[in-house]
Amino acid sequence: MSTPGGAARETEELKAGSRHDLRVGLSPDAPADDDVKDDRGAFGYCHSYETSSRYDGPGLRVVLFVSGCLLRCTYCHNPDTWHLKDGAHVSVDQVLRRLEGFAPSIKALGGGLTVSGGEPMVQIAFTRRILAGARKMGLHTAIQTSGFLGDRADNAFLSEVDLVLLDIKSSDPDTYRRVTGRDLAPTLRFAERLAAMSKPVWARFTLVPGETDEPANVAGIARFVAPMKNVEWVEVQPFHQMGAFKWESMGLPYKLVDTAPADKDLVNRVIGQFRDAGCNVR
């Protein structure tokens, strides 16, 4: 990827770490997040990677957190992944060399690579090359996505993806726009496309008291995904405050500072709604 003036940038170190690390201002000359035009995808911007996740797909996973996201979720715990300028500028080759070192043990433990973010489809040429490289190593591949940019994902891209972790944040268009700043329709359209091609999906729903917890909102998601044979699981993810410090450090107004995590009764009610609709839920 080039600078706006066209000069090639030096690559930086791809750092291991945690999704909870705060990383900002690493690439101040990066392009705007909605203006990525590098069709080759040889270079991109990444926040960090983790090497032992059992949460982001089957088995033990390496999770690569890429930078750039067009949604502005009120409950986002990683606002430092919104902008390319906050990520490290790295090459595909560097990413794949790191991954190659973990591949034998990850494969033996039934895991693989998950590309998360941010949003993997902001830098779709970059993530496509990484996913293709992982598959050549014999690794299971997954992406975690809101689906908002699903129209960017052609069949060639999706052929490199074994599993989609799809965040369906609301079934109500007004609620979706209020909590994300974007439209719901592209996510639903992408979900329907994945169902039509029988691409395995784990649907994810973040349960935020006062934001996404209305029974009708939950019921709408449950009705939408229940008939989809490709949806293996619905995962209810209770809201937490672990990212609040990032909003404060970055000078961002955080409207959920006084919002408590969902209590057990609320979580059980929502899980019950999905289960009653016929979903496999956890």
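All values reported here derive from a predicted model rather than from experimental measurement.

Asks: Explain the packing of aromatic side chains to me, and be specific about the residues and the numbers.
Replies: Geometry of an aromatic ring pair is reported as the spacing of the ring centres plus the angle between the planes. By the definition in use, this model includes 4 aromatic pairs. Here the aromatic rings of Tyr49 and Phe102 are separated by 6.2 Å at their centres, their planes lie at 55°, and the arrangement is tilted. On the criterion of sequence distance, the pair formed by Tyr49 in strand S1 (residues 43-53) and Phe102 in helix H1 (residues 92-108) is long-range, its members being 53 residues apart. The partly exposed category is assigned to Phe102, whose relative accessible area is 26%. On the basis of an interplanar angle of 90° and a centroid distance of 5.5 Å, the ring pair of Trp82 and Trp247 is categorised as edge-to-face. One end of the pair, Trp82, is in the loop between strand S2 (61-66) and strand S3 (88-91); the other, Trp247, is in helix H7 (residues 244-249), and 165 residues separate them in sequence. A relative accessible area of 7% places Trp82 in the buried class. Joined through ring pairs, the aromatic side chains of Trp82, Trp247 and Tyr254 make up one cluster. Taking NZ or CZ as reference, Arg204 lies 4.5 Å from the ring centre of Tyr55, over its face.

Asks: Break down unusual backbone geometry for me, with residues and values.
Replies: Looking along the chain, the bond that leaves Gly117 and enters Gly118 is cis, with omega of 10°. When you line up the elements, Gly118 lands in the loop between strand S4 (112-116) and helix H2 (124-136). You will see that Ser198, though not glycine, has its phi angle at about 55°, which is positive. The class for Ser198 is exposed, based on a relative accessible area of 55%.

Asks: I'd love a proper account of the sheet that holds S2, names of residues and values included.
Replies: Taken in spatial order, the 8 strands line up as S3-S1-S2-S4-S5-S6-S7-S8 in an open sheet, and their pairing is mixed. Each edge of the open sheet is held by one strand with a lone partner, namely S3 and strand S8 (231-238). Within the sheet, the average angular offset between the axes of one strand and its neighbour, ignoring direction, is 30°. Of the strands in this sheet, S1, S2, S3 and S4 are in contact with H1, which crosses S3 at around 75°. The sheet contacts of helix H6 (residues 215-225) involve strand S7 (201-207) and S8, and relative to S7 the element is tilted by about 180°.

Reading guide: rules and limits
- Residues numbered from 1 in each chain as written.
- Predicted model: local features only at pLDDT ≥ 70, side-chain atom pairs only at ≥ 80, totals over all residues.
- Heavy atoms only, no water.
- Phe/Tyr/Trp six-rings, centres within 6.5 Å; stacked < 30°, edge-to-face > 60°.
- Helix = DSSP H or I, 4+ residues; strand = E, 2+ residues; numbered from the N terminus.
- Buried < 20%, exposed > 50% of the residue type's maximum accessible area, 1.4 Å probe, protein only.
- Lys NZ or Arg CZ within 6 Å of the ring centre and 35° of its normal.
- Pairing = 2+ DSSP bridges.
- Axes fitted to C-alpha atoms, helices over the stretch in contact; angles between N-to-C directions.
- Contact = heavy atoms within 4.5 Å.

Bear in mind that shape data such as this cannot, by itself, settle questions of function.
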